[in-house]
Amino acid sequence: MIKIENLTKVFRTEEVETKALNNVFLQIKKGEFVTVMGPSGSGKSTLLNIAGLLDSASGGSYKLLEKEMIGLKEKERAKVRKQNIGFIFQNFNLIDELSVYDNIELPLIYNGVSASERSKKVKIIAERLGVSHRLKHYPQQLSGGQQQRVAVARALVTEPKIILADEPTGNLDSKNGNEVMELLTDLHANGSTILMVTHSDYDASFSQKTIYMKDGQVLLEKQNTRNIDIIVNG
Amino acid sequence: MLRNWIHIFLYNIKKNKLFTSLNILGLSIGISGLIFAILYWNDEHAYNTWNPEKEHVYQVINKMGDDLGYWYTNVAPLGPMLKETTPDLESYCYANTWYFNEIVTYKGKKEFVKILDSQDRFFKYFPFDFMLGTAASAISDESSIALSETTAHRLFGDENPLNMQVQYSGRTLVVRGVYKIQEKSAFAPEAVTNLIGNDLKQNQDSWGNFNKGLWLKINDPSKVPVIEKAISDLYFEHRIKPSAKEEGISPEEYVEKYGSITPILEPLATARLHSVTDGYPEGKGNYQFLIIMVSLSVLILLLSIVNYINLATANAIKRAKEVGVRKIVGATKINIVWQFIFETVIISWFSILLALVLVEITLPYYNEFLGKELIIYGSQFYLQILLILLVVIALAGIFPAIYVSNFETLKVLRGNFGRSKSGIWLRNGMLVLQFAIASFFIVGSYIVYQQVQYMANKDLGFRGSQILEINLRRVGDVGIFNRYETIKQEIKKIKGVVQVSTGAFSFGEGARSSSSFQYHDIGIQGQNMAIDFGMLEMMNIDIMEGRDISMKFASDTINAMLVNETAAKLMNEPDLIGKEVDWNDHALNIIGVVKDFNLFGLQEDVPPMAFFHFKTIDWMEYNLDKVFVKVSTQNMDETIGQIEKLWTAKVNTEYPFAYDFVDKKFARTYEEYIKQKNLFSLLNIIVILISLFGLFALASYSIERRMKGIAIRKTLGADTNRLLKELSKQYVVFCVIGFVMALFPAYFLLNTWLENFAFRISISFIPFMIGFVVLLVLTLAVVLSRAYQATRVDVLKYLKYE
C-alpha cells in the first residue's frame, strides 16, 4: 500500500539546514497497523505529513497504491488525498462553525457524493461511532473524547484506503484515549490500514509494528506481539 | 512606559507599511473632506454675524399670488405709510437690491465702482466701521457719497478723500465718509449714494410698481406678525380696494379672483442661507449644496473611520500575543486600552496634519469650484479641527482598544486565538454600511451625471452658437432704440456679420421686465419680450402658428403681439390669431404663437411670454441693453475684433466692450451642476477606493481568522474553486444587503435633488443596475484575490500550530 524509499526532507532557514528526514525506508502493507514513535524533532510528524500528501519531500520516492506521489501537482495531490486518505489529528481539527453533522459530511461533499447518499453515510458512521445523538451539536459543545470520535467519523466516512493518525490521544484523558484506541483497533480488525504517530508506548502497543525514529532516521522496527489481548486484560 | 509603547508602535508601522500608510491616507482624505466642508460652512455662516442689527433688520418680501413666487421688490409708498400707521416700526430704509457698476471720476482718474443707491439711514442698518466721517452724516443728502476704504484708496491714493468732489453719472458728489467692511456682509458695496429719493418721490402714489428693496428696523422681534399684518392691511386698502372698485366688484370678490399678496418679513440674521428668495446684492448662499457637502464629507469620514476600526481589529489579532504577554506581566485592561488609544491618537494626529497639507494644496481648486476665497484661518477653525480630532479618536480608537483589551490571556497564549467570534457582527455590520455608502455614491453620481448630460444635450428651442450678446449702455436720456438702429447699420457693414437684432431679454436670465396682460377674464403675467425685427429668426426660434413681426406691416410696430405656447395654453383659446388682448391698456392683436424655448435655465419652467416690437410699447426701450449679433464661423475672431474696434471708437468710449456668446452664457445657468457632478464623481472615486481598501482589510482579517477552517477543508480534499466560492459567498451577501439598504435613500435623495430642475430626467433602473454590477465586480475582485492567496498557503502551518 505504501512504499517509501530513500525519502529525504530538508528544512532550510537562512542560516541552518535541517534534515528532518534522512533516507527513510518504510513499507506498509494493506491492512497493517503501524506506529511511528520517537522524541520531538525526530521527523515522525514530517513523515506522516508527507505520507498524507500535506507536505512535499525533498528527495526519494513515495509510492501510494503503486503510484509515485513525489512531484505531483497540488491539484492531483488533493484528488488522491480526498479519495484515499483519512486524517485524525491530535487537536481534532473540527470546524467550529459547522455542526457535527456538517463536519462529518464535509469530505463527502468534496468527493462529489450526492446529498441523499451523504445523509445515509453520515448517519451510518455516526451510529457506528456513537455520536448520532450529537449530530446537531457544535464541536465546542462536546467533550474531547466526543470531538475525537467526530473527527474519526469524518476520517472514515469516505471509506479511505489508509488512515493517518497524528497523536490521536494526545489531547485526551486516559479514558477517552482508550476509547479512541479501541476504535482504531476495531478498524484495524475490520481491515483498515493505519499509520499512527504517537508518544505513548501504551498506544503503540495496540499496533502490529512500531517504528522508532531519531534525527530523521529510522532506528529500528519492532513487531508488537501483544495487542488486542491487552484491552481484554486491561 | 511611553517609550515602550512608541517602540512597539514603530515596530508595527514598519511591519505593516502598506496598511498603516493606507490607513493614515484614508483617514486624512476623510478629514480633509470635512475640513473643506467646514471651511465652506464657516464662510456661509459668517455672513452678517458681525452686524449688531442682524436681529432687528428685516427685509420685506412679497409672496405674490398665482404662482408668481416671491418678490423682494416693493412699492415706494409702503415704507412711509407703514411708519405712519405702525408705532412698532422703528424705521424703514429703501435700497436697490443690486449695485450699479459705474465709473466714478476724481481729477480725471476713472474707476469702476460697485455703487449702492439707498437712503440716509442705510448705515444704521449696516453699521460698517467708519475710518473717516461718521455713519450718521456720510450720506445725509443727495450730494453725498460714502466710499469703502479700498475704493477711496483706488481713487485718491494717499490723499485725504474727505470732502473731496467726485464725478459720477453726470453729477458731482462730495465724499463724506470712508468705511471699512471687515467681514462677510449681505451688502458689501464699494460706494453708497443717497440718490434713491427722486425715484421714490416719483412713485410715491404708485402701489403697482414693485422695483425697490425695502428693509425695516424692528426693535421687538415679537412684533413682526403685527407689522406683517399692517402691510397686508395697507395692500388691501391701497391695491385691492381701488382695483376692485374699478372693476365694479367687491374687494373680497377681487381677492377671490386675483389672489392677494402675503408680505413676509425676513430677518437679516438668517437671510444668507434661508431666504425664500435672493434679495441681497451679495447673493444667497446655496444651503442645499452646503448641506450636501457637509453630509457627503461626514459620510466619507465615517467610512474612513469604519475602515480604521476594521483594520485596527484585524491587525490586533496579529498582536494578540503581545497583549497576552503584557497581561501576564501585569498590565491591566485599562493599561492596554490606553496603549491602543495612544496609537490611535498618534495616527489621527498624523492624519489631521496630512489632511491640512492636502487641504492647503487643493484649496485653490476648491475656491475656484465654489467661487469663493476661503482660507485656513481663525480660532474657530482650529477649535473645530480639535473637535474633529477628538471625535475621530473617540470613534476610531476606543472600540479597537477595548476589543483588544478583552482578549483572553490564556487562549491567546495557548495559540488557538484568532478564531474568536467576538465583535464579528459589528465588523460585518460596518462592512454592510460601507457597501451601502459606496452603492449610494455610485448610483448617485451616475444619476447626477445623467442629468447633467441631459441638460447639455437638451434642445433648448433656440440656437445660440455664433451669436454675440453685446452689452449696450445708456448714454444720457436720448432714445436708446434710435441709437441701437444707428449702431446696427454700422455693425452690419462689418465683414463676417450675418445679422443684427435685439431683444429686451437675455437667454438664461429672462426678460428685463414682466407685465400682466388680460385676455377676457384671464390675467397672464408674461415676460415682456420686446424685440426688433428678425430676432426670432436669427435665434432659430420657431413660429407655431401665424407669423413673426415684419417690417412689411406698418401695424407690427403699433399693435401686433405674439405669445409663446405656454401663454397660449393659459389663454385657453383654440384660435388665437387675430384675437385682441389688453396689455396695460394697450389693445394688441395676436399675430402668432411662438414655439416654447428655454428662457431661464433648465431649473425653471418656460414662463409665459409676450413678444412685440420695441416701438409698440414706448417705455420698452428702457429695457434695451443688449445688441445680438450673428457672426459667420469663418474668421470669427477677426469679425469680433472689428466690432470691438467700432464699439470702443464710436459707441462707447468710456466703458469696455463686453460681450458673451449666447450658448455659453446659457450653459452657465447649469455650470453649478456641472461642478456638482464633478465633485460627486471625485468623491465617488474616493469613496470606492476607501471602501475597497476597507473590504480588502476586512476580507484579509476574516480569511486569516478562517485559515484553519480552510486548512482543514484542504486536507479533506476541497479544491481551490470550491474554497473560493465558500470564502466569497458571505461578501456577496453583504454586498447585496448593503446595496439594498442604499436603494431607497439613493432614490429619495437624488429625486429631491432632481426637483431642482423643471427639465429633468426620471430615475430609471439603469443607474441602480450599473451601481450593483460595479459594486459586485469590485467586491469579487478584491475578495477573490485575497481568497486565492489564502488557498495557496501551507496547510501544515495552520493544522499544526493553531
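Quick look at the structure, then.

### A short note on the overall build of chain B
Counting its regular elements, chain B contains 25 helices and 25 strands. Its C-alpha atoms give chain B principal-axis dimensions of about 105 × 60 × 60 Å. Within chain B, buried positions represent 52% of all 802 residues. Intrachain contacts of chain B at a sequence separation of at least 6 include 79% that bridge at least 24 residues. Roughly 36,300 Å² of accessible area belongs to chain B as shown, and the carbon and sulfur atoms make up 57% of that amount.

### Focus on the interface of chain B and chain A
Where interface size is given, it is often the accessible area lost as the parts come together that is meant. On the side of chain A, 23 residues touch chain B, which itself brings 19 residues to the contact. Counting each side, the surface lost to burial between chain B and chain A is near 1,900 Å², with a carbon and sulfur contribution of 55%. Three residues stand out in chain B for area buried against chain A, namely B:Thr715, B:Leu716 and B:Leu796, and they jointly supply 30% of the buried area on that side. Between the two partners, chain B and chain A, sit 0 salt bridges. The tally of links between chain B and chain A comes to 4 residue pairs in polar contact (both at pLDDT 80 or more). Taken together, the elements giving at least two residues each to the side of chain B that touches chain A come down to helix 22 (707-715), helix 23 (720-754) and helix 25 (795-801) of chain B.

### Some thoughts on the side chain of B:Thr639
All names here are of chain B. Examined against the element boundaries, Thr639 turns out to sit in helix 19 (residues 636-651). Among the residues examined, Thr639 registers a relative accessible area of 2% and is labelled buried. One polar contact links the side chain of Thr639 to the main-chain carbonyl oxygen of Lys495, over a distance of 3.5 Å. When residues no more than four places from it in sequence are discounted, the contact partners of Thr639 are Ile494, Lys495, Gly496, Val497, Val631 and Gln634.

### Quick word on the packing of helix 23 of chain B against helix 24 (residues 766-791) of chain B
Residue and element names in this part refer to chain B. Running from N to C, helix 23 and helix 24 point in directions that differ by 150°, and their axes come no closer than 9 Å. If you check the angle between helix 23 and helix 24, you find them roughly antiparallel. The chirality of how helix 23 crosses helix 24 is right-handed. For the contact of helix 23 with helix 24, the per-class residue count stands at 20 nonpolar, 5 polar and no charged.

### Section: the pattern of salt bridges
Residues and elements named next belong to chain B. One pass over the structure, following the stated rule, counts 37 salt bridges over all chains. Taking the shortest distance from any N to any O, the salt bridge between Asp43 and Lys184 comes out at 3.2 Å. With Asp43 in helix 2 (residues 17-45) and Lys184 in the loop between strand 9 (171-180) and strand 10 (191-193), this pair connects stretches of sequence that are 141 residues apart. A relative accessible area of 9% means that Asp43 is categorised as buried. Members of the salt-bridge network, linked through shared partners, are Glu469, Glu509, Arg512, Asp625, Lys626 and Lys665.

Rules behind the numbers
- Residues numbered from 1 in each chain as written.
- Chains lettered and ligands numbered in written order.
- Predicted model: local features only at pLDDT ≥ 70, side-chain atom pairs only at ≥ 80, totals over all residues.
- Heavy atoms only, no water.
- Helix = DSSP H or I, 4+ residues; strand = E, 2+ residues; numbered from the N terminus.
- Buried < 20%, exposed > 50% of the residue type's maximum accessible area, 1.4 Å probe, protein only.
- Contact = heavy atoms within 4.5 Å.
- Areas by Shrake-Rupley, 256 points an atom, 1.4 Å probe, with all protein chains shown as cover.
- Buried area = accessible area lost by both parts, 1.4 Å probe.
- Salt bridge = Lys/Arg side-chain N within 4 Å of Asp/Glu carboxyl O.
- Polar contact = N/O pair within 3.5 Å; in protein donor to acceptor, adjacent residues only side chain to side chain.
- Axes fitted to C-alpha atoms, helices over the stretch in contact; angles between N-to-C directions.
- Parallel < 35°, antiparallel > 145°, perpendicular 65-115°, else oblique.
- Left-handed = near helix turned anticlockwise from the far one by under 90°.
- Nonpolar A, V, L, I, M, F, W, Y, C, P; charged D, E, K, R; others polar.

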